[in-house]
Amino acid sequence: MAIMTDSPQPENPENTEINEPDKAAEGPATAVPVIIGNRPLAPGELQMRAPRRGKPPVHLADLTATERTEHLKSLGHQGFRAKQLSKHYFEHFTTDPEQMTDLPAAQRAEITAVVFPKLLTEVSVQLADQGRTVKTLWRLHDGSLVESVLMRYKDRTTICVSSQAGCGMNCPFCATGQAGLTRNMSTAEIIEQVRIANQQLAAGQVAGGPGRVTNLVFMGMGEPMANYKAVAASVRRLTDSRPDGFGMSARNVTVSTVGLLPAIEKLTQEGIPCTLAISIHAPDNELRDELVPINQRYKIDDVLDAARTYFDTTGRRVSIEYALIRDINDQAWRADLLGRMLTARGGAGWIHVNPIPLNPVPNSKWTASDPRVEEEFVETLRSYGISTTVRDTRGSDIDGACGQLAATIVEDARHREDREARVGRVELIAAAPHLEGNSRG
Ligand code: SAH
């Protein structure tokens, strides 16, 4: 039985709508340890709420176009400066006062200092694929560390951004989940990852020639739907037309979630324009309870129903992510069950499945599936008419691929014992025969 604890700190007002810490909590009452910064989570423990830390300073990218005008006026400047500053930021990707020749020379430094406080400091950069994959480690104002990964393909340039420092979802096969949640990122901290990438691309500093970010996935560190407000606002900033935002196409912005049901429903109701991806990793509750511990609170059937409603409401095909872990979740019967569960919700046209060969993470002996097993898994899904494509493992050699982003991993002896016990439990569940039988029915 999982332990579900929440940070004992006062509520974070930004997240109260989404996190219902106690209402649905099950499991034995356990002493709640005080969280100071991040710490390893016990197996199955969820950390829904970010520890309270000093908020980053307000930045232009935190604000809507209307709020920007108000903000400038409140600082004693003329309202129309907001548009000029937005152009510099969202069209020219700059925060450098020297380049803002349309601002009065005497005020440039002062204005930019307040509207563009430095939120991200580059700590290190790692390159792969002849420089076409770039992983950057950033330090935030309070010392928290996050990563982003830029990937250039023939037809697109994708950035994978972080939405939280650390993650509280504790999926045992993901490196980020091992150190717990440090804090939520602000909208501007998320957007700055994109602005800086765009600046470097525009200046031709990234291999592959000048360009710009065309696609964005919330698949870096963190669970985006546990930081709903900032992520929803970021999607607006990304997709709003220039100069209010970057003017990206909404279908090219993907929010990936473990399945935080209330947040998926909110996204649906609010009509936030983006593509939804759900991390499934197992079709059966027994195994999913272990691999994606939030399943103990929000069951897979309900999450898939919500995903279908998202499709019905937005017309956007939903992505299903499935990390293929050798001998854990890659059995043909699990592919078959997944195929049945998806098509039972109205055919195959509403869904796209993205199996991801497991990327290695520290302290774990789990590996990717055998290629023949992967092939069978894919073919089984395709036999249901489900569009299925295996995700590439870009960046895995610089630990920049899915599930490999982790700025710090702290593990003590007790945590290691707990983790090993969980691995043993998962392996038992994984190997148990499927009672329903594995034939299509
Ligand atoms: N918290 C979000 C975003 C996480 S990263 C989510 O869980 O959806 C994006 C994807 O990478 C998720 O589907 C995640 O489950 C998957 N992933 C995590 N660890 C992985 C690993 N070691 N190998 C392959 N995929 C992994």
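Residues numbered from 1 in each chain as written. Predicted model: local features only at pLDDT ≥ 70, side-chain atom pairs only at ≥ 80, totals over all residues.

Peer 1: Looking at this structure, how should I read the overall build of the chain?
Peer 2: When helices and strands are counted, the chain shows 11 helices and 14 strands. A separation threshold of at least 6 residues defines the contact pool for the chain, and within that pool the share at least 24 residues apart is 71%. (Helix = DSSP H or I, 4+ residues; strand = E, 2+ residues; numbered from the N terminus. Contact = placed C-beta atoms within 7 Å.)

Peer 1: What exactly am I supposed to notice about the site of the ligand here?
Peer 2: Every one of the 18 residues lining the ligand counts as a neighbour, but C174, S279, E321, C402 and G403 are closest to it. Secondary structure elements with two or more residues in the shell around the ligand: β10 (253-257) and β12 (318-324). Of the residues belonging to the shell around the ligand, the class tally is 11 nonpolar, five polar and two charged. (Near = placed C-beta within 6 Å. Nonpolar A, V, L, I, M, F, W, Y, C, P; charged D, E, K, R; others polar.)

Peer 1: So what exactly am I meant to see when it comes to helix α9 (residues 332-343) here?
Peer 2: Compared with the 16 Å implied by 1.5 Å per residue over 12 residues, the 17 Å span of α9 between its first and last C-alpha is a close match. When we look at burial in α9, the residues that qualify are R334, A335, D336, L338, G339 and L342. (Expected span 1.5 Å × (residues − 1). Buried ≥ 20, exposed ≤ 12 C-beta atoms within 10 Å, placed from the backbone.)

Peer 1: In this structure, what is going on with the environment of L381? I would like to understand it.
Peer 2: Turning to its location among the elements, L381 is positioned in helix α10 (residues 371-383). When the 24 C-beta atoms within 10 Å are taken as the criterion, L381 is described as buried. Placed 39 residues apart in sequence, L381 and L342 show a C-alpha to C-alpha distance of 9.6 Å. Beyond its immediate stretch of four places on either side in the chain, L381 contacts A335, L338, G339, V353, I386 and T388.

Peer 1: Hey, could you run me through the sheet that holds strand β9 (residues 215-218) in this one?
Peer 2: Within a sheet, each strand pairs with its neighbour through backbone hydrogen bonds, oriented either parallel or antiparallel. Strand order in the open sheet formed by 10 strands is β3-β4-β5-β6-β9-β10-β11-β12-β13-β14, with mixed pairing between adjacent strands. The sheet is open, and its two borders are formed by β3 (121-128) and β14 (387-388), each paired with just one other strand. Alignment of strand β4 (residues 133-139) against strand β5 (residues 145-152), held across seven bridges, turns out to be antiparallel. Following the sheet pairing, T136 is matched in β5 by S148. (Pairing = 2+ DSSP bridges.)

Peer 1: Sorry if this is basic, but what is going on with the pairing of β4 here?
Peer 2: Where a strand is regular, its side chains alternate between the two sheet faces. By the criterion of burial, β4 is predominantly enclosed, with five of the seven residues buried. Where β3 lies against β4, seven bridges are found, and the strand directions are antiparallel. Looking at the pairing, T121 lines up with R139 of β4. What sits between β3 and β4 in their antiparallel hairpin is a turn of four residues, with D129 showing a positive phi close to 50°. Two successive antiparallel strands, β4 and β5, enclose a turn made up of five residues, where G143 displays a positive phi of approximately 95°.

Peer 1: Sorry, what's going on with the confidence of the model for the chain here?
Peer 2: Predicted coordinates in regions of low pLDDT should not be interpreted in detail. Chain-level pLDDT for the chain is 87 on average; 88% of the residues reach the 70-or-more range. Throughout residues 1-37 the model reports pLDDT below 50, and contacts reaching past four residues in sequence, or to other chains, amount to 59 contacts. Predicted confidence is poor over residues 437-441, with pLDDT under 50, and the contacts of this stretch with residues over four places away or in other chains come to five contacts. (pLDDT = per-residue confidence, 0-100.)

Peer 1: Explain the nonpolar core to me, please; I cannot follow it from the model alone.
Peer 2: Most often, soluble globular proteins keep nonpolar side chains buried together rather than apart. Counting 109 residues, the largest nonpolar core has V194, L216, I264, L276 and A307 as the members making the most contacts within it. With residues near it in sequence (within four places) discarded, L276 still touches V255, I264, L267, A307, Y310, R316 and V318. (Core = buried A, V, L, I, M, F, W, Y, C linked by C-beta atoms within 7 Å.)

Peer 1: So what exactly am I meant to see when it comes to the environment of I320 here?
Peer 2: Position of I320 among the secondary structure elements: in strand β12. You can call I320 buried: it has 24 C-beta atoms within 10 Å. Remark: the alpha-carbon pair of I320 and T388, spanning 68 residues in sequence, is separated by 9.3 Å.

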